[in-house]
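Each chain is listed here by its residues.
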Amino acid sequence: MTKETRNVLVTGANRGIGRAISESFAKEGYSIIGTSTTAEGAKRIMSTLGNISSKVVGLQLDFSNPESIEVFINKLVDEQKRVDILVNNAGITRDNLTLRMSKKEWLDVIDINLNSVFHITKTCLKGMIKNRWGRIINISSVIGSVGNSGQSNYAASKSGVDGFSRALAQEMGSRNITVNSVAPGFIETDMTQKLVDSQKKAILKMIPLQRLGTSSEVSEVVKFLASDVASYITGEIIHVNGGMFMK
Ligand code: NAP
């Protein structure tokens, strides 16, 4: 199978890191299925990536809505959309100190960042097993490794994603399916736009490279893990964080 015949599914492809990941795969000739929570976002994926490649489909998927997950999964199965490379990227933050955190803030983050990864991965695994080839790349976060005050929900979800990657890598090794996490540090996207100046200043002090990262600095690592040259890497967490956490 060449990369031109491989299909990539990227969740949360409309903005930020997911968009950069989809763009970099599209430029290489892969076929892309990208998701957004809204119909407009799904259309935007097709129009923006459509300038790079003709092999792009944008679909609506909202992990906070069980019906939307079911419709999406049925569509993948019914239309026999084979997924060779799965990038579980969609994610949110709902920051609060644990003592003040509502049950909703906790559950929303666990549902969208962690439970989503289980639902979509399980759906895509059957095809990968049949083809005896697959790549699963989960976007976690440095916060899953180091924690962060005010983000216990987010840290738990991302540690969960890393644990899931390692366990699944062990289950799927014999099927020639690799499973890895990419753990970005602070990257310039809508997610980090929410940070106030004092938070940004404090963060920059922790980063040896003294700047936030860019989405393309993450997407290039994802593309590498999906490629044939990364065929012996599985169960890893690859950190892309400007040195703020050194293992
Ligand atoms: P972003 O710019 O806020 O984009 C988030 C993406 O997730 C959007 O495409 C959004 O879809 C999708 N999404 C949000 N809620 C969803 C839901 N309920 N169901 C399905 N999709 C949903 O975020 P980002 O910075 O690119 O983050 C991408 C991933 O990287 C996340 O998993 C995040 O945790 C991780 N990460 C980011 C950073 C950072 O500094 N930016 C650092 C470490 C890890 P719509 O466009 O339709 O809203």
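Quick look at the structure, then.

Cut-offs and rules
Residues numbered from 1 in each chain as written. Predicted model: local features only at pLDDT ≥ 70, side-chain atom pairs only at ≥ 80, totals over all residues. Heavy atoms only, no water. Helix = DSSP H or I, 4+ residues; strand = E, 2+ residues; numbered from the N terminus. Rg over C-alpha atoms; globule rule 2.2 N^0.38 Å. Buried < 20%, exposed > 50% of the residue type's maximum accessible area, 1.4 Å probe, protein only. Contact = heavy atoms within 4.5 Å. Lys, Arg positive; Asp, Glu negative; His and termini not counted. Charge placed at Lys NZ, Arg CZ, Asp CG, Glu CD. 1 Å grid on protein atoms, 1.4 Å probe; cavity = no way out; pocket = protein on both sides within 12 Å on 5 of 7 lines; lining within 4 Å. Points joined across faces, edges and corners; volume = space filled by probe spheres on them. Pairing = 2+ DSSP bridges. Axes fitted to C-alpha atoms, helices over the stretch in contact; angles between N-to-C directions.

**Observations concerning the overall build of the protein**
Here is step 1 of the chain: Looking only at helices and strands, the protein features nine helices and seven strands.
Here is step 2 of the chain: In terms of overall size, the protein behaves like a compact globule, its C-alpha atoms giving a radius of gyration of 17 Å where 247 residues would be expected to give roughly 18 Å.
Here is step 3 of the chain: Here the C-alpha coordinates of the protein stretch approximately 50 × 35 × 35 Å along the principal axes.
Here is step 4 of the chain: In the protein, buried positions account for 48% of the 247 residues.
Here is step 5 of the chain: For the protein, long-range pairs separated by at least 24 residues make up 73% of all intrachain contacts whose partners lie at least 6 apart in sequence.
Here is step 6 of the chain: Charged side chains of the protein number 30 positive and 23 negative; the gap between the two group centres comes to 2 Å.

**Describing empty space enclosed by the protein**
The gaps of empty space that remain are located by a probe, the size of a water molecule, rolled over the atoms.
Here is step 1 of the chain: Overall, the coordinates contain one cavity of 30 Å³ or more when judged by the stated rule.
Here is step 2 of the chain: Quantified by volume, the largest cavity comes out at close to 40 Å³.
Here is step 3 of the chain: Lining the largest cavity are Ala13, Asn14, Arg19, Arg44, Ile45, Thr48 and Leu49.
Here is step 4 of the chain: Ranked by residues supplied to the lining of the largest cavity, first place goes to helix H2 (residues 39-50) with four residues.

**With respect to the sheet that holds strand S6 (residues 177-184)**
Here is step 1 of the chain: Taken in spatial order, the seven strands line up as S3-S2-S1-S4-S5-S6-S7 in an open sheet, and their pairing is parallel. For this open sheet the edge positions go to strand S3 (56-60) and strand S7 (237-240), each flanked by a neighbour on one side alone. When the angles between neighbouring strand axes are averaged without regard to direction, this sheet yields 15°.
Here is step 2 of the chain: When strand S1 (residues 7-10) meets strand S2 (residues 31-36), the two strands line up parallel, connected through four bridges.

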